[in-house]
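Coordinate inspection notes
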Amino acid sequence: MIRKFISRVFSGKKARPGHHEPAVIPVSTHGITRDRISTGSRRVCETLQENGHKAYVVGGAVRDLLIGAEPKDFDVATDATPEEVRRAFRRSRIIGRRFQIVHVMMGQEQIEVTTFRGQLGEDTKKDEHGRVLHDNVFGSQLEDAARRDFTANALYYDPTTEAIVDYHHGVGDLKARTLRMIGEPRARYREDPVRLLRAVRLAAKLGLSIDPEAKRPIREMAVLLENVPAARLFDEMLKLLTSGHSVKCITQLRDEGLHHGLLPMLDVILEQPMGEKFVMLALANTDERIRRGKGTSPGFLFACLLWHEVLANWEKLKADGEAKIPALFQAMDTVLDTQGEKLAITRRIAGDIKDIWLLQPRFEQRAGKRPYALLEQPRFRAGYDFLVLRAESGEVEMELAEWWTRFQAVDGEERAQMLLPEQAGDKKRRRRRKKPANAGSAPAAE
Ligand code: ATP
Ligand code: MG
């Protein structure tokens, strides 16, 4: 059915790059009626239009509706300036990120409203690699379309007329399941290297193939990612890992050679047989959760991605004679210091990551009161899920994970009977831990 309606779409008037007149595709051709658009974004467009402005739903939402996917959010593009937009809506504020945009609240919905962006000029500020630094020039809709990354992302839907305005043959490209860059791909990657990651993510998520022209330069241009601010990489990584298609994304990133500049340790991890298995299991597990509508936490994800680095460091420190738990603390800090900077892992997320890691040695203690105390830990569930993945990847005995699965399921006498006998070493270890010298700066999880 989707195929049929996309063929109808395709029969609409085509727009070619460089051609200034866009194709205006009527609803009778593309079939997307205004009730498919969120109420909030519709009302934002209507209000702006009543004020004499142009306003469209743009970008990912139009693209997703055309291929039959559920849009994540509905963004609006307009010829009104941010100040004009702000004045038109009582519950709105200007956000000064890379481009100035306005957040408009409509009921529970938050709609991002962007003013049409202008062409990059001679005087556009760029860094020494050609990455655009400041980009706040307003422009016409035609210019705005040319500034977007892929043809499928440059579609404008007017909720009033229900027509799609298509400057770059995006509807046709979508029909052909192709992700095509607007303009010269190398130049566009240089302006903003994050587009390298967007190409891979969108292709994987939407089941599109990257047009050869856009695909070819990816490998050689991957080094440009090193120059991208960590916070932007982090945002894009999170989008990629929580797209519900992370296995496909990571596999494709590796095939394109993109993981080198990105997560500098990920190539190392993927080359260790045990590490790769663990990461891939963790990602498959996350994809499954997201597709079933369950949430995931960034802390859990990054804990998985970095675990084998921690393990390697931890083993080394123990081999050098460091005691088990202090060695784990040291290994965690080393890994988070190296990776944290690159990925701009926030303090809060780093705390979550550490909690999960620190619970791991505690799962080995199955005697006395300690298993009961562990169950009460606020992060127990995440720690347990993590343990199961470790067992499935072969890093620890499956028997250990199964023991904990059962320990949670049963209670009372049955639970008590599961406890292992105290070993001589256990008590000694406990006494030692009470000494102030070991108290250190251990977080709550320990
Ligand atoms: P998603 O489904 O992840 O939201 P999206 O394409 O909507 O995908 P957004 O980051 O929400 O991604 O961006 C909205 C729109 O802004 C895009 O569809 C595209 O037109 C434009 N855009 C976003 N990032 C870039 C970029 N780096 N370069 C050029 N255009 C971009
Ligand atoms: Mg979007």
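Residues numbered from 1 in each chain as written. Chains lettered and ligands numbered in written order. Predicted model: local features only at pLDDT ≥ 70, side-chain atom pairs only at ≥ 80, totals over all residues. Heavy atoms only, no water.

**Comments concerning the packing of helix α16 (residues 273–291) against helix α21 (residues 380–392)**
- Contact pair α16 / α21: the axes reach a minimum separation of 9 Å and the direction vectors enclose 130°. It follows that α16 is oblique to α21 by the angle criterion. With respect to the hand of their crossing, α16 and α21 are arranged in right-handed fashion. Of the residues in α21, those touching α16 at K277, F278, L281, A282, N285 and R289 are D385, F386, L389, R390 and E392.
- Class assignment for the residues of the contact of α16 with α21 results in 5 nonpolar, 1 polar and 5 charged. (Axes fitted to C-alpha atoms, helices over the stretch in contact; angles between N-to-C directions. Helix = DSSP H or I, 4+ residues; strand = E, 2+ residues; numbered from the N terminus. Parallel < 35°, antiparallel > 145°, perpendicular 65-115°, else oblique. Left-handed = near helix turned anticlockwise from the far one by under 90°. Contact = heavy atoms within 4.5 Å. Nonpolar A, V, L, I, M, F, W, Y, C, P; charged D, E, K, R; others polar.)

**Points about the site of ligand 1**
- Around ligand 1 sit 16 residues, and of these D192, R195, R201, K205 and K239 come closest.
- Contact between ligand 1 and R195: a nitrogen atom at 2.8 Å from a side-chain N or O atom of the residue.
- When the free accessible area of ligand 1 is taken as 590 Å², the share hidden by the protein chains comes to 88%.
- Put simply, the parts of the chain that give the shell around ligand 1 at least two residues each are α4 (60–66), α9 (194–206) and α12 (230–241).
- Taken together, the residues of the shell around ligand 1 sort by class into no nonpolar, 3 polar and 13 charged. (Near = heavy atom within 4 Å. Polar contact = N/O pair within 3.5 Å; in protein donor to acceptor, adjacent residues only side chain to side chain. Areas by Shrake-Rupley, 256 points an atom, 1.4 Å probe, with all protein chains shown as cover.)

**Some remarks on the environment of A416**
- Secondary-structure assignment places A416 in helix α23 (residues 412–418).
- Spatially, the C-alpha atoms of A416 and P371 are 10.0 Å apart, while their sequence positions differ by 45 residues.

**Side note on the environment of E143**
- By the secondary structure assignment, E143 is in helix α6 (residues 141–147).
- When the C-alpha atoms of E143 and R117 are compared, they prove to be 6.6 Å apart, with 26 residues separating the residues in sequence.
- With near-sequence residues (within four places) excluded, E143 lies in contact with R117, G118 and Q119.
- Polar contacts involving the side chain of E143 include one to the main-chain amide nitrogen of S140, which spans 2.9 Å.

**Digging into helix α13 (residues 246–255)**
- Taken residue by residue, α13 has S246, C249, I250, Q252 and L253 as its buried positions. Axial view of α13: buried residues confined to an arc of 165°, hence all on one face.
- Phi turns positive, to about 75°, at G257, one or two residues after α13. (Buried < 20%, exposed > 50% of the residue type's maximum accessible area, 1.4 Å probe, protein only. Arc of directions from axis to C-beta.)

**A few points about the packing of aromatic side chains**
- In this structure the tally under the stated criterion is 15 aromatic pairs.
- Among the aromatic side chains, those forming a connected cluster through ring pairs are F363, Y372, F380, Y384, W403, W404 and F407.
- The ring of W314 has K318 lying over it, and the distance from NZ or CZ to the ring centre is 4.0 Å. (Phe/Tyr/Trp six-rings, centres within 6.5 Å; stacked < 30°, edge-to-face > 60°. Lys NZ or Arg CZ within 6 Å of the ring centre and 35° of its normal.)

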